[in-house]
Amino acid sequence: MAESLINNLPGTRDLLPEELVAWHVVEDCARRIFRQYGFLEIRTPIIEPTELFARGIGEDTDIVGKEMYTFLDRGNRSVTLRPEATASVVRAYIQNALYRGSGITKLFYFGPMFRYEKKQKGRWRQFYQAGVEVFGPDHPAIDAEVIEMALRFTESLGVEASLQINSIGCRRCRPPYLEILRRRLQGEISGLCEDCRRRAHTNSLRVFDCKVETCQPIILNLPSIADNLCSECSEHFSRVKKHLDDAGVAYETVPGLVRGLDYYVRTAFEIVSRELGAQNTIIGGGRYDGLSEVIGGPPVKAIGFAVGLDRLAMILPEEKRRSGVWRPDLFIAYKGEAAFRRALLLARDIRRRERSCMLDFSDASLKSQMRLANKINAAHVLIVGDDELSRDTYTLKRMHDSRQWEVTPPELTEYLASCADQGEGQPRSGPRRIE
RNA sequence: GUGAGCGUAGCUCAGCGGGUAGAGCUCUGGAUUGUGGCUCCAGCGGCCGGGGGUUCAAAUCCCCUCGCUCACCCCA
């Protein structure tokens, strides 16, 4: 079906109503928890000058080197679809002088990001992230708070995930460490696999990620960055861990955890799931104290993380997903022209009373209207026909137990008011899996 | 960018030692003149991804192409 205009671009996709149920559960949960910690929403453009990302994320990163959607606009400016949001949020923070005021600014965002990569499980060219950024403090406790919040988020979604943390030092202590590491790898080069030999030069820290058996003994003996931090970074890292311990947060210290963006310093962390494929990172984040200055702003301490919404929606447990399924309170089935007109008036009235209702417009038989009501999982069906019209009543049927009875208009109003919030999270009475 | 696998009905797939397409689900209607889910019956629905070649004959064999998927790299 490689035809014409009826095809989306590779790596993009339509999110259909059924799939979006899981997304809404995830998004609602994120907003709820972010607010508990005092985060406020910010929305920035999804398109920015290329230079913002190139400088902010780092010219040598994969993202900037080969994954950006970059093009010239009609004004001959080089612009880029954002590959991530942190650089934009920092830009907005500086541009709008949000640093004036209290010493701490907490922001969160939601939105699409774009990276020109080959599609894979859990990876798209247009994908969605939520994220948070804290500007101001660099106290270890705020690092721990942010990490703890991320974990609480995945936990309350019922998603199984584990936390990995590391400190990758600062501009002062990282370069000397990398030098030491490179030299050691050079000495062991003959024992390394082909990939690792390449990594030894290009991205030494990645050697830690190698899964090749023969590399393991060498990797285990490599100096870790955590043991080569400057005293300030070392102190910071151990205090972050102490705060995590105090909070009862379980974590694994992973020496090879480095993150792919240049701006990270000190605390780096990831939350990973076993339920995904090769792309198993659900949340990634860390501290980025120098980013503001890199893009021309004042010195700003900052830490944050990004959540992969696509991946979370993908592994959301079924019971959580089910809790977000919507159903109309009422379906109005009618027979005859007079009843149809009555149904329209009634629908208007019901909606004004904050109840949801639907009806059929195809002049279908009562039977097929009932089928439709069942298919859309309506909680009740209201039947309006000649009998009812002549008596000025309706027949109200409760779908889950098939009980039905006659009601007067005021009784209907009262009944609907009494079953408040029945619209969501109720067990389905309709077509169910039978197991 | 590299490698592997796969493209047949709206969906999931069978058919692939050539002989002018099949199942399940979905959908529509009926069995039940005004009543859903279950069951039964019937029906709708396919240039078998596209192009070329071999052959009397190709969904089936060969070549090219496009698309999808997974993996490497890297990341959410």
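All figures in this text were calculated on a predicted structure; none of them were measured in a lab.

> Could you give an account of the pairing of strand E7 (residues 162-167), naming the residues involved and the relevant values?
E7 sits mainly inside the fold: five of its six residues count as buried. When E7 meets strand E9 (residues 265-272), the two strands line up antiparallel, connected through six bridges. Pairing of Ile165 across the sheet is with Phe269, part of E9. For E7 and strand E8 (residues 252-253), the ladder comprises two bridges, and the chain directions are parallel. By the bridge assignment for E8, Ile165 is matched with Thr253.

> Talk me through the protein's contact with RNA strand B; I want residue IDs and the actual numbers.
Looking at RNA strand B, there are 47 residues lining it, with Arg115, Arg123, Arg206, Gly260 and Ser402 nearest. Looking at RNA strand B alone, sugar and phosphate atoms form 53% of those within 4 Å of the protein. One nitrogen or oxygen atom from the side chain of Lys367 is found 2.9 Å from a phosphate oxygen belonging to RNA strand B. Of all the secondary structure elements, the ones that give two or more residues to the surface near RNA strand B are helix H3 (62-66), strand E6 (126-135), strand E10 (281-287), helix H14 (366-375) and helix H15 (386-391). Tallying contributions element by element places H14 first for the surface near RNA strand B, with six residues. Broken down by class, the residue content of the surface near RNA strand B amounts to 13 nonpolar, 14 polar and 20 charged.

> Residue-level account of the sheet that holds strand E13 (residues 357-359), with values.
Pairing in this open sheet of five strands is mixed, and the strands run E13-E12-E14-E15-E16 from one edge to the other. Edge positions in the sheet fall to E13 and strand E16 (403-407), since each has one partner strand and no second. Each strand of the sheet is rotated relative to its neighbour by a mean of 25°, with strand direction disregarded. Of the pairings in the sheet, the one linking strand E12 (residues 330-334) to strand E14 (residues 380-384) comprises five bridges and is parallel in character. What sits directly across from Tyr334, in E14, is Val384. Running at roughly 170° to E12, H14 makes contact with E12, E14 and strand E15 (394-398) of the sheet.

> I'd like to hear about the domain arrangement of chain A, residue by residue, with values.
In terms of domains, chain A is made up of domain 1 (17-173 + 229-320) and domain 2 (326-418). Each of domain 1 and domain 2 has a C-alpha centre, and these two points are 48 Å apart.

> Tell me what's going on with a nonpolar patch on the surface, and back it up with residues and numbers.
Residues Ile46, Ile47 and Phe71 make up a contiguous nonpolar surface patch of about 230 Å² in total accessible area. Structurally, Ile46 is set in the loop between strand E1 (40-41) and strand E2 (47-49).

> For the pairing of strand E3 (residues 69-72), give the residues involved together with the corresponding values.
Relative to strand E4 (residues 78-81), E3 is paired through four bridges, and the arrangement is antiparallel. Bridge pairing in E4 links Thr70 to Thr80. Following E3, the chain reverses through five residues before pairing antiparallel with E4; Asn76 in that reversal takes a positive phi of roughly 65°.

Scoring rules and cut-offs
- Residues numbered from 1 in each chain as written.
- Chains lettered and ligands numbered in written order.
- Predicted model: local features only at pLDDT ≥ 70, side-chain atom pairs only at ≥ 80, totals over all residues.
- Heavy atoms only, no water.
- Buried < 20%, exposed > 50% of the residue type's maximum accessible area, 1.4 Å probe, protein only.
- Helix = DSSP H or I, 4+ residues; strand = E, 2+ residues; numbered from the N terminus.
- Pairing = 2+ DSSP bridges.
- Near = heavy atom within 4 Å.
- Polar contact = N/O pair within 3.5 Å; in protein donor to acceptor, adjacent residues only side chain to side chain.
- Nonpolar A, V, L, I, M, F, W, Y, C, P; charged D, E, K, R; others polar.
- Axes fitted to C-alpha atoms, helices over the stretch in contact; angles between N-to-C directions.
- Contact = heavy atoms within 4.5 Å.
- Domains from an automatic or database assignment.
- Patch = residues over 30% accessible without salt bridge, like charges linked within 9 Å, V, L, I, M, F, W, Y side chains within 5 Å.
- Areas by Shrake-Rupley, 256 points an atom, 1.4 Å probe, with all protein chains shown as cover.
- Salt bridge = Lys/Arg side-chain N within 4 Å of Asp/Glu carboxyl O.

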